[in-house]
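Chains, contacts and geometry: an overview
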Amino acid sequence: MTNHVLRLYTATVALVVFFVAWAAIAANPWKKSSSSGSAAALAALTAREQRVQQEAAIVQQIVNRRFKTYRAQLATQRRSLAAQTVAAPPVRIVTLPPLTITKTS
């Protein structure tokens, strides 16, 4: 395409087609506007929310029970480690003479 006017028209038409397609897709013409369908979907969503909340409560109980067991085992382990603790020998500081190596090659 060496004709600049033709390029300009082609770009303009492409932009117009793009924005018209965008508006058509944004309008969602394929969606049902039935209120009974949305009421059924809302009821199903509410039922699912209740099920999820019940499951979350059950899971929270399980987690609390496991964490209680973990804390009890941790306390037992800490007590046994505290009883086994042996005093470490005192630290000795040793001063060594400086290391000097002189060699001639």
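The shown structure was predicted, so the numbers you read here are calculated from the model rather than taken from an experiment. (Residues numbered from 1 in each chain as written. Predicted model: local features only at pLDDT ≥ 70, side-chain atom pairs only at ≥ 80, totals over all residues. Heavy atoms only, no water.)

Glancing now at the overall build of the protein chain. From N to C terminus, the protein chain includes two helices and zero strands. Along the three orthogonal principal directions, the C-alpha set of the protein chain runs to about 90 × 70 × 15 Å. A buried classification covers 0% of the 105 residues belonging to the protein chain. Only carbon and sulfur atoms are counted for the fraction: they give 65% of the accessible area of the protein chain, which is about 10,500 Å². (Helix = DSSP H or I, 4+ residues; strand = E, 2+ residues; numbered from the N terminus. Buried < 20%, exposed > 50% of the residue type's maximum accessible area, 1.4 Å probe, protein only. Areas by Shrake-Rupley, 256 points an atom, 1.4 Å probe, with all protein chains shown as cover.)

This next bit is on the packing of aromatic side chains. The full count for this structure, using the stated rule, is four aromatic pairs. Aromatic pair Phe18 and Phe19: ring centres 5.3 Å apart, planes at 70°, arrangement edge-to-face. The partly exposed category is assigned to Phe18, whose relative accessible area is 47%. Pairwise contacts between aromatic rings join Phe18, Phe19 and Trp22 into one cluster. (Phe/Tyr/Trp six-rings, centres within 6.5 Å; stacked < 30°, edge-to-face > 60°.)

Time to look at helix 1 (residues 4–26). In an α-helix, one turn spans 3.6 residues, which is why side chains three or four residues apart end up on the same side. With 23 residues, helix 1 should reach 33 Å at 1.5 Å per residue; the first-to-last C-alpha distance of 33 Å fits that figure. Measuring from the backbone nitrogen of Val5 back to the side-chain oxygen at the start of helix 1 gives 3.3 Å, which picks out Asn3 as the cap. The first or second residue beyond helix 1 is Asn28, which carries a positive phi of 50°. (Expected span 1.5 Å × (residues − 1). Polar contact = N/O pair within 3.5 Å; in protein donor to acceptor, adjacent residues only side chain to side chain.)

On the surface, Leu15, Phe18, Phe19 and Trp22 cluster together into a nonpolar patch covering about 470 Å² of accessible area. Its place among the elements puts Phe19 in helix 1. (Patch = residues over 30% accessible without salt bridge, like charges linked within 9 Å, V, L, I, M, F, W, Y side chains within 5 Å. Salt bridge = Lys/Arg side-chain N within 4 Å of Asp/Glu carboxyl O.)

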